[in-house]
Amino acid sequence: MAAPVDLELKKAFTELQAKVIDTQQKVKLADIQIEQLNRTKKHAHLTDTEIMTLVDETNMYEGVGRMFILQSKEAIHNQLLEKQKIAEEKIKELEACPVPKPHSKPLVWASLVAQWLRIRLPTQETRVQTLVWEDPTCHGAPKPVRHNY
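Parameters and conventions
Residues numbered from 1 in each chain as written. Predicted model: local features only at pLDDT ≥ 70, side-chain atom pairs only at ≥ 80, totals over all residues. Heavy atoms only, no water. Helix = DSSP H or I, 4+ residues; strand = E, 2+ residues; numbered from the N terminus. Buried < 20%, exposed > 50% of the residue type's maximum accessible area, 1.4 Å probe, protein only. Contact = heavy atoms within 4.5 Å. Areas by Shrake-Rupley, 256 points an atom, 1.4 Å probe, with all protein chains shown as cover. Pairing = 2+ DSSP bridges. pLDDT = per-residue confidence, 0-100. Lys, Arg positive; Asp, Glu negative; His and termini not counted. Salt bridge = Lys/Arg side-chain N within 4 Å of Asp/Glu carboxyl O.

Focus on the overall build of the protein
The number of helices and strands found in the protein is four helices and two strands. Ordering the α and β elements of the protein from the N terminus gives α-β-β-α-α-α. Here the protein holds 149 residues, and the buried ones make up 25% of them. Long-range pairs, those at least 24 residues apart, make up 52% of the contacts in the protein between residues at least 6 apart in sequence. For the protein, the accessible area works out to roughly 10,900 Å², and carbon and sulfur atoms hold 61% of it.

This is the structure we're talking about:
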């Protein structure tokens, strides 16, 4: 009779362990996306700061693929401000929205679940620990530790 319980426990344990690993990977992906957006925002800000020191009538070249396009200082300034604004909005979405929006772009959708995943991960880890602790064949196993994330 102990064998079926052990098989059920093993199956449940592997499923929960797979969910924990999947959740950890998704959280790391969301963190990487936030870091990349912060770098983009900072780069645009620093570039804009340097451009603003130039004379207003200065024309500049904007890199587009393999070529450069002559643009006014005002046009470049507006593009950099827009880039900063978009990056800031995406960062706020990543950090604030716990529920994914299915109609969003895949990159944004993956990022929106970051907070929800951070909440879900400790719960899954606790479930795995509880399964091991409640199994009668695991004598002397340590009790589950509660993490405060």
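Considerations on the environment of Lys-73
Note on placement: Lys-73 falls in helix α2 (residues 73-96). Residue contacts for Lys-73: discarding those within four places in its chain leaves Ile-51, Met-52, Leu-54, Val-55, Asp-56, Thr-58 and Met-60.

A closer look at the pairing of strand β2 (residues 67-72)
The sheet contact formed by strand β1 (residues 59-64) and β2 spans six bridges and is antiparallel. Paired with Val-64 across the strands is Met-67, a residue of β2. Count of turn residues in the β1/β2 antiparallel hairpin: two residues, of which Gly-65 carries a positive phi of about 65°.

What to know about the confidence of the model for the protein
Scored by pLDDT, the protein comes out at a mean of 76, with 68% of its residues at no less than 70. The spread of mean pLDDT over the elements of the protein runs between helix α3 (residues 106-112), the lowest at 47, and β2, the highest at 94. Predicted confidence for residues 98-112 stays below pLDDT 50, and this span has 23 contacts to residues more than four positions away or in other chains.

Structural notes on the side chain of Asp-48
Note on placement: Asp-48 falls in helix α1 (residues 2-51). Within the buried set, Asp-48 has no salt-bridge partner at all; the shortest N-O distance to an opposite charge, 8.1 Å, is to Lys-73. In this structure, Asp-48 is in contact with His-77, Leu-80, Leu-81 and Gln-84, ignoring residues within four places of it in sequence.

Quick notes on the environment of Asn-78
Tracing the backbone shows Asn-78 in helix α2. Using a relative accessible area of 41% as the deciding quantity, one classes Asn-78 as partly exposed. Taking the C-alpha atoms as reference, Asn-78 lies 9.1 Å from Asp-48; in sequence the two are 30 residues apart.

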